[in-house]
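Structure assessment
Here are the chains, one letter per residue:
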Amino acid sequence: MCAYAMPSGIEMINRAKEKDGTPARVLLVGVGGYGRVYVQATRKLESDGLAVISAVVDPLAENSPEWPALAEAGVALFKTVEEFVQSENEADLAVISSPIAFHADQACAALKAGMNVLCEKPLCATVEDARRMVQASENSGGFMEIGYQWSFSRAIQDLKSDVMAGRLGAPERLKTWVSWPRGSNYYARNTWAGRIRDGKGRSVFDSPANNAAAHFLHNMFYVLGASRSSAAKPVSITAECYRANPIENFDAACCRVETREGADVLFYTAHCVKKKMSPAFQFIFEDATVDYPDSGEIVARFKDGRQKSYGDPQQDRMRKLRHCIRRCQDPETDTVICGPRAAMSQTLCVNAMQATPTHEFDPTMVKVEDQGDGVKLTHVPGLEDAMKEGFERDLLFSEMNIPWARQARHIDLTAHL
Ligand SMILES: NC(=O)c1ccc[n+]([C@@H]2O[C@H](COP(=O)([O-])OP(=O)(O)OC[C@H]3O[C@@H](n4cnc5c(N)ncnc54)[C@H](O)[C@@H]3O)[C@@H](O)[C@H]2O)c1
């Protein structure tokens with residue numbers, strides 16, 4: 001039995017309805033890109049009578065295919081959160097799905113104005129902004145959740161419960177690898193992809209570790225957190241960063257992180273790859289090994305022969321939104337699942353990675369492949385294999401005598417504990 005069993009989505013919503021029939025008023029900040037998923041999910045909740053879209057903040061809303069229907073429905077549009085706050089409109093929940101550079105200011109402004117916040121991952125770019133978000137959420141009467149959907153999944157919650165209760169024994173080593181190709185269209189979709197700072201000088205730190213694969217780095221800290229809403233703390237990191245695409249920041253990296261909780265965390269990720277593989281992880285505990293093999297089920301195999309399946313953390317990706325809607329309607333029944341303090345371990349690692357040099361792959365190693373419709377995929381043949389081998393052997397690229405690998409940099413993070 002798990003120490004904590006999350007109610008199903010329907011149970012959550014029915015309980016919220018019983019408690020208070022008023023639909024939660026939702027402010028959508030960013031309605032293009034991933035924000036489209038929130039528009040669709042909120043509209044669904046709207047048709048179920050559980051939420052109502054009170055307004056949109058997006059300076060470029062008209063570029064979103066979702067905007068015409070919202071405009072037709074009479075949804076008010078604002079260019080900034082501050083403009084919304086000064087208007088007649090009100091909201092119970094601000095859902096922030098804007099570019100990374102805006103997360104901190106918008107989340108803090110929304111909390112200050114009395115709204116609750118569901119802010120997309122990653123938490124933000126800089127550690128300073130992360131601290132500001134932690135303070136703002138802890139000093140406010142509302143809540144802030146960070147939208148790492150795995151953390152809200154039944155599978156991860158059940159695994160975390162078992163880890164917290166010591167059912168798997170002491171954690172020893174957690175490792176994850178993720179090979180996700182991204183073509184030129186990914187980097188061209190906005191003005192900040194692949195950037196260290198945006199055009200206005202705001203920190204973005206966009207990379208696989210701080211965007212598409214951020215989920216899986218965060219997940220390892222989250223699973224190890226001593227309480228339901230906390231994550232393990234990085235004590236030091238040894239990292240290597242590489243670049244093949246014509247971008248400002250890195251597009252491949254690996255790192256080993258020592259945690260205050262005693263276990264090591266290993267992470268391998270790249271966008272300059274041809275084969276989409278994983279995310280796959282293996283978490284090694286004193287009494288069990290937990291595997292998530294390339295989009296399957298999470299399974300723990302105990303040394304005494306028992307086996308336990310936790311399901312697939314990819315299921316039900318909008319549980320995070322329903323959780324927040326329910327909390328708006330009935331704050332008494334639940335606590336934070338993944339707040340800014342838990343999400344900050346990933347930010348600390350990413351800031352340290354930004355402080356390590358990015359090595360360019362030798363141009364003779366890099367292939368550029370035409371994928372049609374003007375899309376080009378820049379990739380380094382063999383990089384997937386290097387990641388997989390590092391994952392299997394618990395070694396960084398530079399520790400495997402790979403000719404292109406360059407020395408890792410070690411950074412102490414104890415000052416942030
Ligand atoms: N949870 C997930 O699985 C997932 C998946 C993709 C992206 N994301 C996250 O969603 C966020 C947005 O990423 P994206 O790829 O959709 O970005 P994007 O740049 O493609 O789209 C961002 C949207 O925000 C709008 N926007 C720009 N400036 C704004 C501002 N100042 N205020 C409000 N809106 C503004 C844009 O017009 C656009 O509609 C990022 O934090 C990203 O990491 C999460």
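Here the structure is a predicted model, which is why all the values come from computation and not from measurement.

This part takes up the overall build of the protein chain. A tally of helices and strands in the protein chain yields 12 helices and 18 strands. Across its three principal directions, the C-alpha atoms of the protein chain cover 60 × 55 × 40 Å. Counting all 417 residues of the protein chain, 58% fall into the buried class. A separation threshold of at least 6 residues defines the contact pool for the protein chain, and within that pool the share at least 24 residues apart is 71%. Here the protein chain has roughly 16,800 Å² of accessible surface; of this, 48% comes from carbon and sulfur atoms. Across the protein chain, the centroid of the 48 positively charged side chains sits 1 Å from that of the 54 negatively charged ones.

Our focus in this paragraph is the pairing of strand E10 (residues 264-270). Counting buried residues in E10 gives 6 out of 7 residues, a clear majority hidden from the surface. Of the pairings in the sheet, the one linking strand E9 (residues 252-259) to E10 comprises 7 bridges and is antiparallel in character. Opposite arginine 256, over in E10, you have leucine 266 as the bridge partner. Remark: 4 residues form the turn of the hairpin made by E9 and E10, two consecutive strands paired antiparallel; glycine 262 in that turn has positive phi of roughly 105 degrees.

Our focus in this paragraph is the environment of valine 57. Relative to the helices and strands, valine 57 resides in strand E2 (residues 51-57). Classification of valine 57 by relative accessible area gives buried; the value is 2%. Taking the C-alpha atoms as reference, valine 57 lies 23 Å from alanine 188; in sequence the two are 131 residues apart. If sequence neighbours within four positions are ignored, valine 57 has contacts with Leu27, Leu28, Val29, Gly30, Phe78, Lys79, Thr80, Val81 and Phe84.

This part takes up the domain arrangement of the protein chain. The assigned domain composition of the protein chain is domain 1 (9-150) and domain 2 (152-316 + 337-416). Centre-to-centre, using C-alpha coordinates, domain 1 lies 27 Å away from domain 2. Between domain 1 and domain 2, the residue contacts involve 24 residues of the former and 35 residues of the latter. Together domain 1 and domain 2 conceal approximately 2,600 Å² of surface at their shared face, both sides included; 64% is due to carbon and sulfur atoms. Joining domain 1 to domain 2, the criterion identifies 1 salt bridge. Across the pair arginine 341 and glutamate 138 runs a salt bridge, and its minimum N-O distance is 2.8 Å. Residue assignment for the side of domain 1 that touches domain 2 shows that the elements contributing at least two residues are helix H6 (127-139) and strand E6 (144-146). At 7 residues, H6 tops the list of elements feeding residues into the side of domain 1 that touches domain 2. Looking at side-chain class alone, the side of domain 1 that touches domain 2 contains 16 nonpolar, 4 polar and 4 charged residues.

One way to put it is that helix H2 (residues 35-47) packs onto helix H10 (residues 319-329) with a least axis distance of 11 Å and a crossing angle of 50 degrees. In terms of axis orientation, H2 runs oblique to H10. Where H2 crosses over H10, the two elements pack in a sense that is right-handed. Mapping the contact onto sequence places Tyr38, Ala41, Thr42 and Leu45 in H2 and Lys320, Leu321, Arg322 and Ile325 in H10.

So, on to the site of the ligand. Within the structure, the ligand sits among 28 residues, and Gly32, Tyr34, Asp58, Gln149 and Asn211 are positioned closest to it. With respect to the ligand, the backbone of glycine 32 contributes an N or O atom lying 2.8 Å from an oxygen atom. Lysine 121 is positioned such that a nitrogen or oxygen atom in its backbone is 2.8 Å from an oxygen atom of the ligand. Within the shell around the ligand, the residues separate by chemical class into 11 nonpolar, 12 polar and 5 charged. When residues are assigned to domains, the shell around the ligand turns out to be shared by domain 1 (9-150) and domain 2 (152-316 + 337-416), each giving three or more.

Enumeration over the complete set of coordinates arrives at 16 aromatic pairs. Here tryptophan 150 and phenylalanine 281 contribute two aromatic rings whose centre-to-centre distance is 6.2 Å and whose plane-to-plane angle is 65 degrees, an arrangement assigned as edge-to-face. Here tryptophan 150, found in the loop between E6 and helix H7 (154-164), pairs with phenylalanine 281, found in strand E11 (residues 277-285); they are 131 residues apart in sequence, far enough to count as distant. With respect to class, tryptophan 150 is no different from phenylalanine 281; both count as buried. By way of ring pairs, the aromatic residues Trp150, Trp180, Phe216, Phe281, Phe283 and Tyr292 are connected into one cluster. Between the NZ or CZ atom of lysine 160 and the centre of the ring of tyrosine 222, over which it lies, the distance is 4.5 Å.

Thresholds applied
Residues numbered from 1 in each chain as written. Predicted model: local features only at pLDDT ≥ 70, side-chain atom pairs only at ≥ 80, totals over all residues. Heavy atoms only, no water. Helix = DSSP H or I, 4+ residues; strand = E, 2+ residues; numbered from the N terminus. Buried < 20%, exposed > 50% of the residue type's maximum accessible area, 1.4 Å probe, protein only. Contact = heavy atoms within 4.5 Å. Areas by Shrake-Rupley, 256 points an atom, 1.4 Å probe, with all protein chains shown as cover. Lys, Arg positive; Asp, Glu negative; His and termini not counted. Charge placed at Lys NZ, Arg CZ, Asp CG, Glu CD. Pairing = 2+ DSSP bridges. Domains from an automatic or database assignment. Buried area = accessible area lost by both parts, 1.4 Å probe. Salt bridge = Lys/Arg side-chain N within 4 Å of Asp/Glu carboxyl O. Nonpolar A, V, L, I, M, F, W, Y, C, P; charged D, E, K, R; others polar. Axes fitted to C-alpha atoms, helices over the stretch in contact; angles between N-to-C directions. Parallel < 35°, antiparallel > 145°, perpendicular 65-115°, else oblique. Left-handed = near helix turned anticlockwise from the far one by under 90°. Near = heavy atom within 4 Å. Polar contact = N/O pair within 3.5 Å; in protein donor to acceptor, adjacent residues only side chain to side chain. Phe/Tyr/Trp six-rings, centres within 6.5 Å; stacked < 30°, edge-to-face > 60°. Lys NZ or Arg CZ within 6 Å of the ring centre and 35° of its normal.

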